[in-house]
Amino acid sequence: MKTSMTEMKKGPSYALAATGLASVAALMSGTHDAQAEGSYIGLSYGAFQGDAPHENASSSPEDYELDGGALGFFVGRDLATIGAATIGAELAYTGSVDGDPNEESDYDNAYDIDWMFDAKLRAGTDFGSVMVYGFAGVTMGKGNNYYAGGYDFSGVNYGLGAQMNITPNAFIGAEVIGRSLDGYADNNDDGRGTDHTELSLRAGFKF
């Protein structure tokens with residue numbers, strides 16, 4: 001799995017790999033209908049592509065990119081079913097993510113993410129044992145750099161996901177998460193808006 005995760009984050013083909021993994025698992029798992037309402041908790045691993053959030057207003061966001069993966073955990077609840085849609089809310093924590101230094105300058109220290117919290121509202125539809133959903137919400141976190149020190153960032157998140165029941169109470173899934181970040185609170189600069197994408201593989205338990 002370590003090798004496949006490295007390959008997935010190198011280019012757009014990682015989304016196809018995740019889809020293939022979910023398809024194979026579906027064929028092997030049998031059918032367990034999704035539960036419309038209830039709480040859940042789980043673990044995730046995300047691979048990142050895009051710009052690192054940073055506080056240096058004199059630099060372009062694309063000068064500093066994210067280059068790494070991160071472990072995380074999440075907790076949520078499917079609150080209600082309205083027609084064919086299941087409405088829910090989720091809180092997710094993502095651990096540290098490494099960044100790349102600016103290749104165009106002598107400044108050889110990267111902007112890294114220490115942690116992020118995502119609050120999401122999501123709406124999805126069940127197809128037997130598989131739930132497909134979209135979500136949107138807000139993100140806050142902490143970044144760091146050797147010269148700049150620590151700084152806060154915030155913004156919005158949005159994306160698509162799918163999860164499949166492998167037992168009546170356990171599931172696996174994947175999300176593609178986009179984040180648009182700004183709002184640097186710990187410095188005197190205006191900061192620069194940045195965007196990145198995360199592919200997150202997830203496993204959880206319903207209760």
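Located above this text is the structure these notes cover.
The rules behind the values
- Residues numbered from 1 in each chain as written.
- Predicted model: local features only at pLDDT ≥ 70, side-chain atom pairs only at ≥ 80, totals over all residues.
- Heavy atoms only, no water.
- Helix = DSSP H or I, 4+ residues; strand = E, 2+ residues; numbered from the N terminus.
- Contact = heavy atoms within 4.5 Å.
- Patch = residues over 30% accessible without salt bridge, like charges linked within 9 Å, V, L, I, M, F, W, Y side chains within 5 Å.
- Areas by Shrake-Rupley, 256 points an atom, 1.4 Å probe, with all protein chains shown as cover.
- Salt bridge = Lys/Arg side-chain N within 4 Å of Asp/Glu carboxyl O.
- Lys, Arg positive; Asp, Glu negative; His and termini not counted.
- Charge placed at Lys NZ, Arg CZ, Asp CG, Glu CD.
- Pairing = 2+ DSSP bridges.
- Axes fitted to C-alpha atoms, helices over the stretch in contact; angles between N-to-C directions.
- Core = buried A, V, L, I, M, F, W, Y, C linked by side-chain atoms within 4.5 Å.
- Buried < 20%, exposed > 50% of the residue type's maximum accessible area, 1.4 Å probe, protein only.
- Polar contact = N/O pair within 3.5 Å; in protein donor to acceptor, adjacent residues only side chain to side chain.

Novice: Help me understand the environment of G95, please; the structure alone is not making it clear to me.
Specialist: In this fold, G95 is placed in the loop between β3 (85-94) and β4 (112-127). The spatial distance from the C-alpha of G95 to the C-alpha of F117 is 9.1 Å, given a sequence separation of 22 residues. Those residues in contact with G95 that sit more than four places away from it in its chain are A70, L71, D114 and W115.

Novice: I'm lost on a negative patch on the surface in this one. Help?
Specialist: Among the surface-exposed residues, E65, D67, D98, E103 and E104 lie close enough to one another that they form a single negatively charged patch. Mapped onto the elements of the fold, E65 is located in the loop between β1 (38-50) and β2 (69-82).

Novice: Whenever I open this one, the sheet that holds β2 confuses me. Can you help?
Specialist: Hydrogen bonding along the main chain pairs the strands of a sheet, whether they run parallel or antiparallel. The sheet built from 8 strands closes into a barrel, its strands ordered β1-β2-β3-β4-β5-β6-β7-β8 with antiparallel pairing. On average, adjacent strands in this sheet sit at an angle of 25 degrees to one another, irrespective of strand direction.

Novice: I tried to follow the nonpolar core on my own but got confused; where do I start?
Specialist: Grouped burial of nonpolar side chains is what soluble globular proteins tend to show. If you look at the biggest cluster of nonpolar residues, it comprises 12 residues: F48, A52, Y64, L66, A70, V97, Y111, I113, M116, Y151, F153 and L181. Mapped onto this core, the elements with two or more residues apiece are β4 and β6 (149-165).

Novice: Explanation requested: the environment of V138 in the structure shown.
Specialist: By the secondary structure assignment, V138 is in strand β5 (residues 130-145). Accessibility expressed as a relative area gives 49% for V138, which makes it partly exposed. Each C-alpha atom of the pair V138 and G155 lies 5.8 Å from the other, and the pair is 17 residues apart in sequence. The contact partners of V138, leaving out residues within four places of it in the chain, are F117, D118, A119, G155, V156 and N157.

Novice: Even after reading the chapter, I still don't get the side chain of T139, so can you show me in this structure?
Specialist: With respect to the helices and strands, the residue T139 is situated in strand β5. Taking the relative accessible area as the measure of exposure, T139 reaches 4% and is therefore buried. Side-chain polar atoms of T139 contact the side chain of D118, separated by 2.5 Å. Contact partners of T139, with chain neighbours within four places excluded, come to M116, F117, D118, F153, S154, G155, V156, N157, R179 and L181.

Novice: What exactly am I supposed to notice about a nonpolar patch on the surface here?
Specialist: Together, I41, V75, L91, F205 and F207 make up a nonpolar patch on the protein surface, roughly 500 Å² of accessible area in all. Mapping V75 onto the fold places it in strand β2. Overall, V75 belongs to the partly exposed group, its relative accessible area being 36%.

Novice: Explain the environment of A92 here, please?
Specialist: If you trace the backbone, A92 turns up in strand β3. Judged by its relative accessible area of 9%, A92 falls in the buried class. It is 9.2 Å that separates the C-alpha atoms of A92 and S44, two residues lying 48 residues apart in sequence. Ignoring sequence-local partners within four residues, the contact set of A92 consists of F73, F74, M116, F117 and D118.

Novice: Explanation requested: the pattern of salt bridges in the structure shown.
Specialist: Where side chains of opposite charge bring their charged atoms close, a pairing between them can arise. If you walk through the whole model with that rule in mind, you get 8 salt bridges. Here R179 ties to E198 by a salt bridge, and the two come within 2.8 Å at their closest N and O atoms. Taken together, the positions of R179 in strand β7 (residues 170-182) and E198 in strand β8 (residues 194-206) put the pair 19 residues apart, joining distant regions of the chain. Classification of R179 by relative accessible area gives buried; the value is 0%.

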